[in-house]
Amino acid sequence: MTAPVKNTQKTLAAATANAKMNFMNVPWIRAVIKSRWYPGIIQWMVLAVFSFIVFELVAGTVNPSRNFGTSMTWVLWWPAIPVLFLVLGRFWCAVCPFGKISDIVRKLVGSEKPMPKFLKKYGIWLIDLFFIMITWSDHVWGIVESPRGSGNMLLLLATGVIATSVFYERRTFCKTLCFLGGVAGNYSRSGMLELRGTPEICKTCKSQSCYKGNEKVDGCPMFEFARTMDNSADCNLCGNCVKSCPNNSIRISPRKPTSELWGIKKPRIEHAFLAAVIMGIVFVQNITMLEIWQEILSAIGKVTGTTNYNVNFTVAFVISMMLPIGLLWLTAKLTASKEAAEKVRENFVRFGYAIIPLDLAGHLAHNLFHALTEGKAIWFNTINLFGYQLSGDLSLTSAGTVQILQYITVVLGFIGSAYSVYRIGGRASWRKLLPYYTLMILLAAANIYLFSLPMMHRV
Amino acid sequence: MKRIALTAALAGLLLFSGTALADEQQKNDGHSDGHGTTQVQPTANDQQNMNMTPEEHQNMNMGTEGKGGHGSHEDVVETPPNIPVLSTFAAINAAFLLVGIWNKWVRKKGGASA
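No experiment lies behind these values; they were computed from the predicted model shown.

Participant: Run through the confidence of the model for chain B, naming residues and quoting values.
Facilitator: Residues and elements named next belong to chain B. Of all residues in chain B, 28% attain a pLDDT of 70 or more, and the chain-wide mean is 56. Contacts for the low-pLDDT stretch residues 10-72, under 50 throughout, to residues beyond four places or in other chains number 112 contacts. Model confidence for the complex: the whole-complex pTM is 0.80, and ipTM, which rates the interface, is 0.83.

Participant: Break down the pattern of salt bridges for me, citing the residues and quoting the values.
Facilitator: Residue and element names in this part refer to chain A. Evaluation of the coordinates by the stated rule reveals 15 salt bridges over all chains. Arg 90 is the partner of Asp 234 in a salt bridge, and the nearest nitrogen-oxygen pair spans 3.3 Å. With Asp 234 in the loop between helix H12 (209-212) and helix H13 (240-244) and Arg 90 in the loop between helix H4 (68-88) and helix H5 (91-95), the pair connects residues that are 144 residues apart, well separated along the chain. What makes Arg 90 buried here is its relative accessible area of 2%. The closest approach of N and O atoms between Glu 346 and Lys 343, which form a salt bridge, is 3.9 Å. Taken together, the residues Glu 346 and Lys 343, both in helix H17 (residues 341-352) and three residues apart, mark about one turn of the helix. We classify Glu 346 as partly exposed; its relative accessible area is 37%. Here the salt bridges do not stand alone but share partners, grouping Arg 189, Glu 194, Arg 196, Arg 251, Arg 255 and Glu 260 into one network.

Participant: Residue-level account of the side chain of Gln 43 of chain A, with values.
Facilitator: All names here are of chain A. Mapped onto the elements, Gln 43 comes out in helix H3 (residues 40-59). On the basis of relative accessibility, which here comes to 6%, the residue Gln 43 falls in the buried class. Those residues in contact with Gln 43, other than ones at most four positions away along the chain, are Ala 94, Val 95, Lys 100, Asp 103 and Arg 171.

Participant: If you had to explain the pairing of strand S1 (residues 193-196) of chain A to someone new, which residues and values would you point to?
Facilitator: Residues and elements named next belong to chain A. Here S1 shows no split at all, with Leu 193 and Leu 195 on one side and Glu 194 and Arg 196 on the other all buried. Pairing of S1 with strand S2 (residues 251-254), which is carried by four bridges, proceeds in the antiparallel orientation. When the bridges of S2 are listed, Glu 194 appears paired with Ser 253.

Participant: Tell me about the packing of H3 of chain A against H4 of chain A, residues and numbers included.
Facilitator: Between two packed helices, the angle of one axis relative to the other and the distance separating the axes together describe the packing. Residues and elements named next belong to chain A. In the contact formed by H3 and H4, the axes pass within 7 Å of each other and the chain directions differ by 120°. Comparing their axes, H4 and H3 come out oblique. At the point where H3 passes H4, the crossing takes the left-handed sense. Mapping the contact onto sequence places Phe 52, Ile 53, Glu 56 and Leu 57 in H3 and Phe 68, Gly 69, Thr 70, Met 72 and Thr 73 in H4. Grouping the constituent residues of the contact of H3 with H4 by class yields five nonpolar, three polar and one charged.

Conventions and cut-offs
Residues numbered from 1 in each chain as written. Chains lettered and ligands numbered in written order. Predicted model: local features only at pLDDT ≥ 70, side-chain atom pairs only at ≥ 80, totals over all residues. Heavy atoms only, no water. pLDDT = per-residue confidence, 0-100. Contact = heavy atoms within 4.5 Å. Salt bridge = Lys/Arg side-chain N within 4 Å of Asp/Glu carboxyl O. Helix = DSSP H or I, 4+ residues; strand = E, 2+ residues; numbered from the N terminus. Buried < 20%, exposed > 50% of the residue type's maximum accessible area, 1.4 Å probe, protein only. Pairing = 2+ DSSP bridges. Axes fitted to C-alpha atoms, helices over the stretch in contact; angles between N-to-C directions. Parallel < 35°, antiparallel > 145°, perpendicular 65-115°, else oblique. Left-handed = near helix turned anticlockwise from the far one by under 90°. Nonpolar A, V, L, I, M, F, W, Y, C, P; charged D, E, K, R; others polar.

Structure representation (structure tokens):
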């Protein structure tokens, strides 16, 4: 064998070793994603379960501990969803019942108008606003703990989905208005899965069917163009692009968790703001479930001069929201070489993404408590649907074990956030990035402190 | 980096596991309805709470005006489905769907035939 041939073989071998693993090369995964039944069959199953959950919420018992809908929504689904985002990206959005409702409405009566410019420009801000409003409403009206409240919230979301789907094309609601979609987008950036086009193949493509679709398959429901897609925030893994691509260019690969956060090409302030807001929401969710919450309310009441829950809660809510946002802004200001507002804004936006792993960890750790100490409610309430009357201790494990798991989760989130700071900061010296590391330590410590306090149950 | 991460995780675990075990006794206190109750030894606060009836404990937790917040389970009074609210949702959604039908089937087809 001659030397040039050997070199070529070595280069090819090196390229193969460096190439990312592609799940599309696994025959059964490729067959599943290319199948006409994917994801439709899962969507219909999820829609059937969802319909029954809504029925139970609006017409079943008002006792949250006994309501099948409450336990399935808040003890199973809500704690499981961050894990799904971490492992499978936005796959949930591909099978989401609201997404399926949107698909059905558009197919039957949709006008398919282009997404309004206003939504395109301010969509994520609206998501931020809705997420804040829904969390506030939950606490003021007790949505989570009221089956009727939860049912009405789901019906309200369904109304929003139907209203937008009647007029606008693709999944306009999911992309620009769904609060869960916003959270899903942010969390999926930390996820372990990515779908991308292969640049060498895509650059020769003239069809653009991944975006436009073809006669058999719709275009990307999330308005993404696989050729230029550089993040996983808006990819549902619905497989439309896989099916429509004439060149088999699409790959689905595993990746290091948080790696997408290290090199966001076009960081946006609304994403960074949402990351900080989610941290505030995690604080609110934790604080209001603590047994010292009543003492906190009383202390606020002394300042506001009223014992009205809504007023005092709103004060606590605003403080919790402003705390991470203010701390991030302060850190951005501390690290700005000059006091130029532009530089502060740039730092706020770039390093805001680093909070996402801690958001995910805080969300997961908080809900671990519910899933593991109330988990048997899912089993009991499912069995009780068939006429049995099972009841008793709902916990799957001891509170101490849950606490240790919560601490481990927060520590892992902190490592993810701290490492993201290191990479976003261009591997700069620790002294230069010290304010950001301090911020992450503060946020992690606040979470750990809150998890160390006794907490109330949801059902 | 891996070594630092591993050390930090271990340090965190060791530092806080003591707190976890200490707080385990307090966690879940006051849930006398049998939900999520872990068998724990009562603390001084628990002793005080144990002397209360569930209603008294509930009243203690709801010391402020109004409702809302988490963990505030009151005695449940079963109520039927809220028909006016459900009807409103149905009417609004039906109205949107009718607009869709009008747009897609009536207006466009009418425009095409004109």
